[in-house]
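Descriptive structure summary
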Amino acid sequence: TESSPDVALRQARQLVEGDKVLAIIGPTSTGEGLAVKKYTEEKHVPVIMTVGGDAVVAGGKFGPYDWTFKAPQRTATAVAKIYDYLKGKNISKIAVLSSKDAFGQDGLTELKDNAAKYGIEIIAEETFDPKGTDFSAQAFKLQAAKPQAAVVWTIGPAGSIAAKNFAALPGERPLLVQCHGQPGPSYLDLAGEAAGGTVMPGTKLMAPESLPDEDPQKIVIEAFIKAYKDNGIQEKFPLNTHSGYAYDALTLLRAGLEKAGKAEPEALRAALEKLERVVGVSGVYTMSSQDHNGLGQDSMVMLIVDSNRYKLAP
């Protein structure tokens, strides 16, 4: 899809009208998801998206919709995880640096809407072009407000650039918090030493050694990691949270087809909506007519970058 909403919509049309597919997995960015969703809803095609955002558009939030499901945790879930963590650290004054795209602005909206509930005050905010290469000016302005923590909401290399910009600032720097779209080797590689001490919500996939034996996800995650390496995927696309989201979308599709008992769109849609306790890499999914994601805060952990690896945040 080239990360383009227009290309994503064109490809979706080809899949539905040309290839006559039963269902679609993807796309992977919020902007693409918004572009595709209206079309697939009208065409009554079950779609399991791997997007992390729930951007507000005309007609309401990203979901739930009749035919659209999603594997990653909702933005609101990630925000709640972050705020719970900050509250536990007695952090009440934060700054927010968000990208100007749909994903970044969705994060900013949720952060602002839920701050008061957790006793948190956003004392400064800045935005940036996610395709930019330097956000030093925004980082400087945010640090000048003297927040206890700075939350960065973006995906891709921009998060690493922001980490470097904050690390280069003189004086006392705020705790740097990234969003749930960042955990993965790319952030560590691109941010380098600047990544150290960063905290962020992520899935248990990023800290498998921390899982107790009784956790139902442990055996699924261990099998997934082994298969990922054995099939040579690790060498081409180093494991990250998005790897798990894609696998979970396939897992949900399979569970839906088994429950439906036939490969028919309406039967599949109805079955997906009734799935209960489907154990995936990213969480244990329980869907409903009002929740086409099925994951709560307990599906996430807070991670910290320590010695160039992800560990459970203290």
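Details of the structure are given in the entry above.
Just so we're clear, the structure is a prediction, and the values are computed from it rather than from any experiment. (Residues numbered from 1 in each chain as written. Predicted model: local features only at pLDDT ≥ 70, side-chain atom pairs only at ≥ 80, totals over all residues. Heavy atoms only, no water.)

Regarding the packing of helix α10 (residues 241–260) against helix α11 (residues 265–272)
Spelled out, the test is: Think of each axis as a best-fit line through the C-alpha atoms, taken over the contacting stretch in the case of a helix, with angles from 0 to 180 degrees between the N-to-C directions. Helix and strand assignments follow DSSP, with helices taken as H or I runs no shorter than four residues and strands as E runs no shorter than two, numbered in order from the N terminus. When an angle is under 35 degrees it counts as roughly parallel; over 145 it counts as roughly antiparallel; between 65 and 115 it counts as roughly perpendicular; any other value is oblique. Each crossing gets its handedness from the near helix: less than a right angle anticlockwise from the far helix is left-handed, clockwise is right-handed. The contact rule is simple, with two residues in contact once any of their heavy atoms fall within 4.5 Å. Just so you know the grouping, Ala, Val, Leu, Ile, Met, Phe, Trp, Tyr, Cys and Pro go in nonpolar, Asp, Glu, Lys and Arg go in charged, and all remaining residues, Gly too, go in polar.
At a minimum axis distance of 8 Å, the contact between α10 and α11 shows a crossing angle of 110°. Taken together, α10 and α11 sit at an angle that is classed as roughly perpendicular. Crossing hand, α10 versus α11: right-handed. Residues L252, L253, G256, L257, K259 and A260 of α10 pack against A267, L268, A271 and L272 of α11. When the residues that make up the contact of α10 with α11 are grouped by side-chain class, the tally is eight nonpolar, one polar and one charged.

Section: the packing of aromatic side chains
Filter applied, for reference: Pairs were defined over the aromatic rings of Phe, Tyr and Trp, the Trp ring being its six-membered one, requiring ring centres within 6.5 Å. Orientation was assigned from the angle between planes: stacked under 30 degrees, edge-to-face over 60, tilted for the rest. Think of it in three bands: residues with accessible area under 20% of the maximum for their type are buried, residues over 50% are exposed, and the middle band is partly exposed, with areas taken using a 1.4 Å probe on protein chains only. In this scheme, the term charge over a ring applies when either NZ of a lysine or CZ of an arginine sits within 6 Å of the ring centre and within 35 degrees of the ring normal.
Considering all chains together, one arrives at five aromatic pairs under this definition. On the basis of an interplanar angle of 45° and a centroid distance of 4.8 Å, the ring pair of F224 and Y247 is categorised as tilted. Of this pair, F224 sits in helix α8 (residues 216–230) while Y247 sits in helix α10, placing them 23 residues apart in sequence. Its relative accessible area of 8% is what places F224 among the buried residues. One aromatic cluster in this structure is built from F224, Y228 and Y247. Directly above the aromatic system of W67 lies the positively charged group of R269, at a separation of 5.7 Å from the ring centroid.

As for α8
The condition that has to hold: A helix is expected to span 1.5 Å for every residue after the first.
End to end, α8 covers 22 Å across 15 residues, agreeing with the expected 21 Å (1.5 Å per residue, within 8%). Listing the buried residues of α8 in full gives Q217, K218, V220, I221, F224, I225 and Y228. Taken together, the buried residues of α8 touch α9 (233–236), α10, β9 (278–279) and β10 (284–285). The first or second residue beyond α8 is G232, which carries a positive phi of 80°.

Some thoughts on the packing of helix α3 (residues 75–88) against helix α4 (residues 102–114)
Axis separation between α3 and α4 bottoms out at 9 Å; the angle between their running directions is 50°. By the angle class used here, α3 and α4 are oblique. Crossing angle aside, the handedness with which α3 passes α4 is right-handed. Residues T75, A76, V79 and Y83 of α3 lie in contact with α4, whose contacting residues are D106, G107, E110, L111, K112 and N114. Looking at the contact of α3 with α4 residue by residue, the classes come out as four nonpolar, three polar and three charged.

Looking at α3
Here α3 spans 20 Å end to end across 14 residues, near enough to the 20 Å set by a 1.5 Å rise per residue. Along α3, 10 of the 14 residues are buried, which leaves the element largely enclosed by surrounding structure. Taken as a whole, α3 has its buried residues at T75, T77, A78, V79, A80, K81, I82, Y83, Y85 and L86. Positive phi shows up at N90, right after α3, with a value of about 60°.

Considering the layout of surface pockets
Cut-off, in case you're wondering: Points on a 1 Å grid, built from protein atoms alone, make a cavity when a 1.4 Å probe fits but cannot get out and make a pocket when they are open with protein on both sides within 12 Å along at least 5 of 7 lines; residues with an atom within 4 Å of a point are the lining residues. Grid points are joined across faces, edges and corners, and a volume is the space filled by probe spheres set on the points.
Empty space within the largest pocket amounts to approximately 1100 Å³. Taken together, 45 residues line the largest pocket, and the ones lying closest to its centre are S3, T28, S29, I155 and H242. Among the secondary structure elements, those contributing two or more residues to the lining of the largest pocket are α1 (5–18), β1 (24–25), α2 (30–43), α4, α6 (157–167), α7 (185–191) and α10. The volume enclosed by the second largest pocket comes to roughly 330 Å³. Broken down by secondary-structure element, the contributors of at least two residues to the lining of the second largest pocket are α7, α8 and β12 (309–312). Among the residues making up the lining of the second largest pocket, the classes are represented as nine nonpolar, three polar and three charged.

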